[in-house]
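Tertiary structure, described
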Amino acid sequence: MKRIERVNDFVVRFANVNGSGSASANNLFAKVVYRLGVPVSPKNVFPSNIQGLPTWYEVRISEQGYLGRRGGADFIIAVNGQTLKDDYEMVQPGGYFLYDSTRELPKHFSREDISVIGIPLTQLCNDEFQDNRMRQLMKNIIYIGSLAYLFGIGMGPVSESIKKQFAKKPKLAEPNIRALELGFDYAQKHHKDSCRLSIKPSTAVADRILIDGNSGAALGALFGGATVAGWYPITPSTSVIEAFERYAMRYRIDPESGKKNFATVQAEDELAAIGIAIGAGWNGARSFTATSGPGISLMSEFLGLAYFTEIPVVLINVQRSGPSTGMPTRTQQSDLLSCAYASHGDTRNVLLFPSDPHECFEMTADAFDLAERLQTPIIIMSDLDLGMNDHLCKPFKWDDERSYDRGKVLSGEDLDTIKQKWGRYLDIDKDGICYRTLPGAHPEKGAYTTRGTSHNEYAAYTEGSAAYERSMNRLLIKWETARNMVPMPDIVIRDEERKLGALFFGSTAAAADEALEKLEENGILINSMRIKAFPFQAEVFDFIAKHDIVFTIEQNRDSQMQILLAGECQVAPGTLIPVTNFNGLAITARMITNQVHTTLLSRGKTFMKPAAAQEVTP
């Protein structure tokens, strides 16, 4: 058997039971790799119940900086009897399988193409620790100690990380370091040449930080000036509000009075949550809510109200698998259509597509400016993978000289200078965006009634067809104005002949970039475009029009981005080819390359450079 032998380039997968305390130990491993300067991408796959079901934690280690899921695992730590057989079978040929050898493996575990590493985790714990809960927790640290030896990390980096973790409670560090030593010493004594995977210090991480997207979005809301959050708990968006409140408690407390300069209001349901945010936006506060797919369904009517009455509000949608309850702790990009056209009637909502926590921060902060400039809902389209997993990204930066763009808001002084009759829905500048007032701006002028029914330019109720058409057509003009305000797509040209193109968005970016690099290495040149926002700009239309085939890479069954593009861009049938994944796990580079190969072979055309044509297999 030829064992896999790699340095700083492999996938480790931990197989545990939910509620066993393994998450902190597995996260410790990822943080150690990060602190060694090696790019790392951890993914937590967990059930939606409280405890007892299988959970996995997958860590990709990549000196080259590939941060998407690769697919497969080179080293599996299996401590869950429920999934032991499946985990055993999942190890890549030439890979490694570490298990709790307190109980021997069944005889039918008989693969000869992998290395089996037995560590008696339970026995070591029982011999060293008396408390039952301590035994369970320390078992996780013991296997981290074993990995410290097997991967050549050494005790130092891991014990230092434990000391940092328990800096405020140093006594808790002592049993953890002892458990670490037990695992390290046992592996050193019994498995001296059992593993040829290693992790060596590097500078490849550079100045990048490791943070989750929900924290990035929460900080974006804080720096973007949000003062009101209406919310209702729902996985996987809850930690957005929790993080926002945690940061606000540090930075939004009046130093003189000690009072909060913000409000987070937990409502009775999602309808009330967005109602609170819209009400605060109408009153002049920068406000937002966070939810997921089921919440979007419930919030749609209120989104229609904010669109039609033109009230600024920001909504952070951390997407999960649906429909209905679906898989609450799995990831997808399946809310595109429901968000783009949320509510009944003719609506179009601005969507922003962050691809990493840095963009979660920037786009969320920018969303509050956009919401007030455009006087409309702005929806951040995150997802569970991006929101709840840690990702490497650029450090967050903020210009302290930056001022908030409140848009077309009239002050009392402004109202006094207006000679003609003011109307809330008068389009003075012909850009579709009207001037608004805030409550209390003037004792006599600027008041109006906000209604969800049809209204004329002066906010008066009407069912006149002409007034309704004028209002709806003006909203289309505003939509055209929005095209020039939202982020532009990122375009990479690899082939000037422009035969093949690929477009993607959001959290698919890491896997898509890797797949396109691998395809290029094998002679298949594919130009790419990462879409950052809806409405689409002319550059999106042009990119599609100039290519023979455009692959649309997304994480949903029905190719919702393709449907959105086909409708908005009037694309010819057959131009857009779906590349999809909807199994609840993040898409991998292998999935993308396999689907691209299959499509090209089925079309009977070669899009490969001649010298490389024989190197590519589906």
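So, a few notes on the structure that sits alongside this text. (Residues numbered from 1 in each chain as written. Predicted model: local features only at pLDDT ≥ 70, side-chain atom pairs only at ≥ 80, totals over all residues. Heavy atoms only, no water.)

Before going further, it helps to examine the overall build of the protein chain. Helix and strand counts for the protein chain stand at 19 helices and 24 strands. For the protein chain, the spread of C-alpha atoms along the three principal axes comes to 90 × 70 × 40 Å. For the protein chain, buried positions account for 58% of its 618 residues. Within the protein chain, contacts between residues separated by at least 24 positions form 75% of all contacts whose residues are at least 6 apart in sequence. With the model as given, the accessible surface of the protein chain reaches about 26300 Å², and the carbon-plus-sulfur share is 50%. Taking the average location of the 66 positive side-chain charges in the protein chain and that of its 73 negative ones, the two points are 3 Å from each other. (Helix = DSSP H or I, 4+ residues; strand = E, 2+ residues; numbered from the N terminus. Buried < 20%, exposed > 50% of the residue type's maximum accessible area, 1.4 Å probe, protein only. Contact = heavy atoms within 4.5 Å. Areas by Shrake-Rupley, 256 points an atom, 1.4 Å probe, with all protein chains shown as cover. Lys, Arg positive; Asp, Glu negative; His and termini not counted. Charge placed at Lys NZ, Arg CZ, Asp CG, Glu CD.)

With that settled, consider empty space enclosed by the protein. Using the criterion set out here, one finds six cavities of 30 Å³ or more in the structure. Its volume calculated, the largest cavity comes out at about 110 Å³. As for the largest cavity, its lining consists of 15 residues, of which Lys43, Asn44, Val45, Leu585 and Ala586 are closest to the centre. Residue assignment for the lining of the largest cavity shows that the elements contributing at least two residues are β3 (40–45) and α13 (384–388). Per element, the largest residue contribution to the lining of the largest cavity is three residues, and it comes from β3. Taken together, the residues of the lining of the largest cavity break down into four nonpolar, five polar and six charged. Of the volumes computed, that of the second largest cavity is approximately 80 Å³. Taken together, Tyr307, Arg348, Asn349, Val350, Leu374, Thr376, Pro377, Leu475, Lys478, Trp479 and Ala482 make up the full set of residues lining the second largest cavity. The element best represented in the lining of the second largest cavity is helix α15 (residues 465–483), accounting for four residues. Across the lining of the second largest cavity, the residue classes break down as seven nonpolar, two polar and two charged. (1 Å grid on protein atoms, 1.4 Å probe; cavity = no way out; pocket = protein on both sides within 12 Å on 5 of 7 lines; lining within 4 Å. Points joined across faces, edges and corners; volume = space filled by probe spheres on them. Nonpolar A, V, L, I, M, F, W, Y, C, P; charged D, E, K, R; others polar.)

It is worth spelling out the sheet that holds strand β7 (residues 115–119) at this point. Strands sit in the order β3-β4-β2-β5-β6-β7 across an open sheet of six strands; the sheet is mixed. The strands lining the two open edges of the sheet, one partner per strand, are β3 and β7. For this sheet, the mean inter-axis angle between neighbouring strands, taken without regard to orientation, is 15°. Direction of pairing for strand β5 (residues 73–78) relative to strand β6 (residues 91–100): parallel, over a ladder of five bridges. Directly across from Ala73, in β6, lies its bridge partner Val91. (Pairing = 2+ DSSP bridges. Axes fitted to C-alpha atoms, helices over the stretch in contact; angles between N-to-C directions.)

Let us now look at the pattern of salt bridges. One pass over the full model with this rule turns up 34 salt bridges. Within the structure, one salt-bridge network assembled from shared partners comprises Arg286, Asp366, Asp369, Glu372, Arg402, Arg406 and Arg436. (Salt bridge = Lys/Arg side-chain N within 4 Å of Asp/Glu carboxyl O.)

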